[in-house]
Amino acid sequence: MKATILYIEKKFDEFNLQMFGGKLPKIPVELSDAKTFIGQCVYKKRRKPFGKTELYGFRLRINTRVDLPEREVEDTIIHEMIHYYIGYNQLEDTSAHGPLFLGIMNEINREFGRNLTVSHKSTKEQREQLQDKRSHYHVIAVVNFHDGRTGIKVLPRVLRSILYYYNNVLANREIASIQLYMSNNVFFNRYPNSSALKVHFLETEEIDKQLKGAEKMACDGISIKRNQ
């Protein structure tokens, strides 16, 4: 199912009474089409006297890009309500899913027969739903290693970032060559866009298949030109 705002608000009220003693104030609910999360409890921070930080402006976001079983939608709402409970009461934990969070989560699982987890374990079908299916132009670096491995990297379409990656990777003694391409194949939407010095290893046949029809680019380490 894909949740609606009315559904989430109804479930929030239900779980608030059942699991949090009805002590959580109503919270604005937002639907999201993001690729990076299933649920989020977002907030703002402000400084208080003596260096303390106060959290405020809480909002609950639930992803509707992915079609989830209703039980998983419920567990996602409850998961984010635990974050809300901790933040609203200005409680301190060692991390986002530290001992305090885990203690509340495990207690809810035991008492109410839920199956809350720290992170959502998505299926292959759900991961495919999270992927952006729109066509975008990407700069793709194909990196060949001396040991025969080949990897790809999706780079920002910013000259400085491309040159930074190209020059630093090519300076590595493990690298045999690096080639740049411009492609609008939606296959590359699944990879993060950054200039971090890493690659995603793929079979050469798969890379050739996905770059079929891509525009090859020439780089001399200082400038980039599209092949005529």
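Please read all numbers here as calculations on a predicted model, not as lab measurements. Every chain begins its residue count from 1, and numbering advances along the sequence as written. Restriction of local features to residues with pLDDT of at least 70 applies here, the model being predicted, together with a cutoff of 80 or more for giving and counting side-chain atom pairs; totals for whole chains, interfaces and linings are based on all residues. Think of the side-chain values as coming from all heavy atoms in the structure, minus any hydrogens and water.

Novice: Summarise the overall build of the chain; cite the residues concerned and give the values.
Specialist: Secondary structure elements follow DSSP: runs of H or I of four or more residues count as helices, runs of E of two or more count as strands, with numbering from the N terminus. Within the chain, the regular secondary structure consists of six helices and nine strands. The size measure is the radius of gyration over C-alpha atoms, and the globule rule it meets is 2.2 Å times the number of residues to the 0.38 power. A compact globule built from 228 residues would reach a C-alpha radius of gyration of about 17 Å, whereas the chain, at 23 Å, exceeds it by more than 25%. Principal-axis analysis of the C-alpha atoms places the extent of the chain at approximately 65 × 45 × 30 Å. In the chain, buried positions account for 39% of the 228 residues. Throughout, a residue-residue contact means that at least one pair of heavy atoms, one from each residue, lies within 4.5 Å. The contacts in the chain between residues at least 6 apart in sequence include a share of 68% that link residues at least 24 apart. Exposure was quantified through the Shrake-Rupley algorithm and a 1.4 Å probe, taking into account, for residues, occlusion by the shown protein chains and nothing else. Here the chain has roughly 13700 Å² of accessible surface; of this, 50% comes from carbon and sulfur atoms. Separation between the mean location of the 35 positive side-chain charges and that of the 27 negative ones in the chain comes to 6 Å. Burial classes follow relative accessibility: with a 1.4 Å probe on protein chains only, a residue under 20% of its type's maximum area counts as buried, one over 50% as exposed, and anything between as partly exposed. Lys and Arg are tallied as positive, Asp and Glu as negative. Neither His nor the chain termini are counted. One atom stands in for each charge, and that atom is NZ of Lys, CZ of Arg, CG of Asp or CD of Glu.

Novice: Tell me what's going on with the sheet that holds strand β1 (residues 29-32), and back it up with residues and numbers.
Specialist: Taken in spatial order, the three strands of this open sheet run β1-β3-β2, and their pairing is mixed. Strands with a single pairing partner mark the edges of an open sheet, and in this sheet they are β1 and β2 (39-47). Averaged over all neighbouring strand pairs, the angle between strand axes comes to 35°, with direction disregarded. As defined by bridge partners, β1 adjoins strand β3 (residues 53-63) across four bridges and the pair is classed as parallel. When DSSP finds two or more bridges between a pair of strands, those strands are recorded as paired. Under this scheme, a helix contributes an axis fitted over its contacting stretch, all axes are lines through C-alpha atoms, and angles between N-to-C directions fall in the 0 to 180 degree range.

Novice: Describe the pattern of salt bridges, and please don't skip the residues or the numbers.
Specialist: Salt bridge, as used here: a side-chain nitrogen of Lys or Arg that lies within 4 Å of a carboxyl oxygen of Asp or Glu. Counting across every chain of the model gives 10 salt bridges. For Asp 33, the salt bridge is made with Arg 65, and the minimal N-O distance between the two is 3.1 Å. In this pair, Asp 33 is assigned in the loop between β1 and β2 and Arg 65 in the loop between β3 and α2 (70-88), connecting sequence segments 32 residues apart.

Novice: Explain the packing of aromatic side chains to me, and be specific about the residues and the numbers.
Specialist: Here a pair means two rings of Phe, Tyr or Trp (six-membered ring of Trp) with centres within 6.5 Å. Their orientation is stacked below 30 degrees between planes, edge-to-face above 60, and tilted elsewhere. The final tally for this structure, using the stated rule, is eight aromatic pairs. Each ring, one from Phe 145 and one from Phe 201, has its centre 5.3 Å from the other, and the planes form 50°; the classification is tilted. Of this pair, Phe 145 sits in strand β4 (residues 138-145) while Phe 201 sits in strand β7 (residues 200-201), placing them 56 residues apart in sequence. Of the residues examined, Phe 145 reaches a relative accessible area of 13% and is grouped as buried. Its relative accessible area of 41% is what places Phe 201 among the partly exposed residues.

Novice: Summarise the pairing of β4; cite the residues concerned and give the values.
Specialist: Across the eight residues of β4, seven count as buried, placing the element largely inside the fold. Note that β4 and strand β6 (residues 175-183) share eight bridges and pair antiparallel. What sits directly across from Val 143, in β6, is Ile 178. Relative to strand β5 (residues 150-155), β4 is paired through six bridges, and the arrangement is antiparallel. Looking across to β5, one finds that Val 142 is bridged to Ile 152. Between β4 and the antiparallel strand that follows it, β5, lie four residues; Gly 148 among them carries a positive phi value of about 100°.

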